[in-house]
Amino acid sequence: MKKTYISYRPVLLFLVLAAGAGMGTLAYRVTHLPKAIAGTTTPQPRYAIATPLVQQPVATATVLPTAQPAAASSKVVSHILMYHYIRDGVDPKKDPIGYGLSVTPQQFEAQLAALSAAGYTGLTMSQYSAGQATAKSVMLTFDDGYEDFYTTAWPLLKKYHFTATAYIISGKIGGNYMTWDQLRELHAAGIEIGAHTVNHIDLSKASEAVQHSEIFNSKQTIEAQVGAPVVSFCYPSGKYTATTEALVKQAGYTSATTTHPGSVRPSDDPDALNRVRINPDLTPTGLLNLIK
């Protein structure tokens, strides 16, 4: 009987080849596995991740202290000029009082020209009270409300770019005094209208009740006619008492002028302010020397 032999060579060859392929695949996988699996200590991501930007410390801006407006210095000296009439033709022998209260139009213009050339600017009394004055400020004030302020002074003030304060006697309107229409026009143009009582009486000799009426009623009448607050007051002939001053403050005025000579400072009593009287003999040079 002939024996049959089975060849195992093909099977062995297949097994050897399969084993070789398996080892190759294993080697490839080990080579390409994350290093953590391969035995390293630092795991790496499978996919590349953008490296985060390193934030640099932000430079802190130096914050400077906010500049504060300088407080009004009590040493700032300014001047309130006191006028009455701007007119000529007054005989000093026949009317010495009227002459002493008068400045001619020519003199007034020369004074304005000198003030302007020297660098002075004009303020109203309410602007002065608001703290706007400097050493080069002048407050031009005109007592009583005479018509020549409208006809003569105002055109010259406009020419030289000065403003002013006109103190009005509310019981004396028209005639030799300005009318309400003129006063309203002046107010609209920037001239301040202040109060000078109702009847221009001597307040220092009047009862408190009479003083109250003169001080309060003049303010109310002018406000009603002009259509604006009246905050500046002038004592008739510069006469007043402590009671008068208290009533002026109570009425709501922010300033009151006297006839006391001298300059003014922000620290001065606002209800008793000095003024510089302008007389007919004062030259432009004399005025500048007076207010240096």
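Placed above this text is the structure.
Here is what the cut-offs are and how they apply
Residues numbered from 1 in each chain as written. Predicted model: local features only at pLDDT ≥ 70, side-chain atom pairs only at ≥ 80, totals over all residues. Heavy atoms only, no water. Phe/Tyr/Trp six-rings, centres within 6.5 Å; stacked < 30°, edge-to-face > 60°. Lys NZ or Arg CZ within 6 Å of the ring centre and 35° of its normal. Helix = DSSP H or I, 4+ residues; strand = E, 2+ residues; numbered from the N terminus. Polar contact = N/O pair within 3.5 Å; in protein donor to acceptor, adjacent residues only side chain to side chain. Contact = heavy atoms within 4.5 Å. Salt bridge = Lys/Arg side-chain N within 4 Å of Asp/Glu carboxyl O.

I tried to follow the packing of aromatic side chains on my own but got confused; where do I start?
Within a pair of aromatic rings, the relevant descriptors are the distance that separates the centres and the angle that separates the planes. Counted under the stated rule, the structure contains 10 aromatic pairs. Here the aromatic residues Tyr 83, Phe 108, Phe 142 and Phe 149 are joined through ring pairs into a cluster of three or more. Sitting over the face of the ring of Trp 154, Lys 158 holds its NZ or CZ atom 4.0 Å from the ring centroid. Over the aromatic face of Tyr 253 sits the side chain of Lys 219, whose NZ or CZ is 5.0 Å from the ring centroid.

Mind showing me how you'd approach the side chain of His 79 here?
Along the chain, His 79 falls in strand β1 (residues 79–83). At a separation of 3.5 Å, a polar atom in the side chain of His 79 contacts the main-chain carbonyl oxygen of Ile 291. The contacts of His 79, once residues within four sequence positions are left out, are Ser 137, Val 138, Met 139, Ser 263, Val 264, Val 276, Leu 290, Ile 291 and Lys 292.

Explanation requested: the pattern of salt bridges in the structure shown.
One side chain can pair with another of opposite charge once the charged atoms of both are near each other. Per the stated rule, a full pass over the model turns up 6 salt bridges. Put simply, Lys 239 and Asp 202 hold a salt bridge, and the shortest N to O gap is 3.9 Å. Highlighted residues: Lys 239 in the loop between β8 (232–234) and α8 (242–251) and Asp 202 in the loop between β7 (192–195) and α7 (208–226), separated in sequence by 37 residues.

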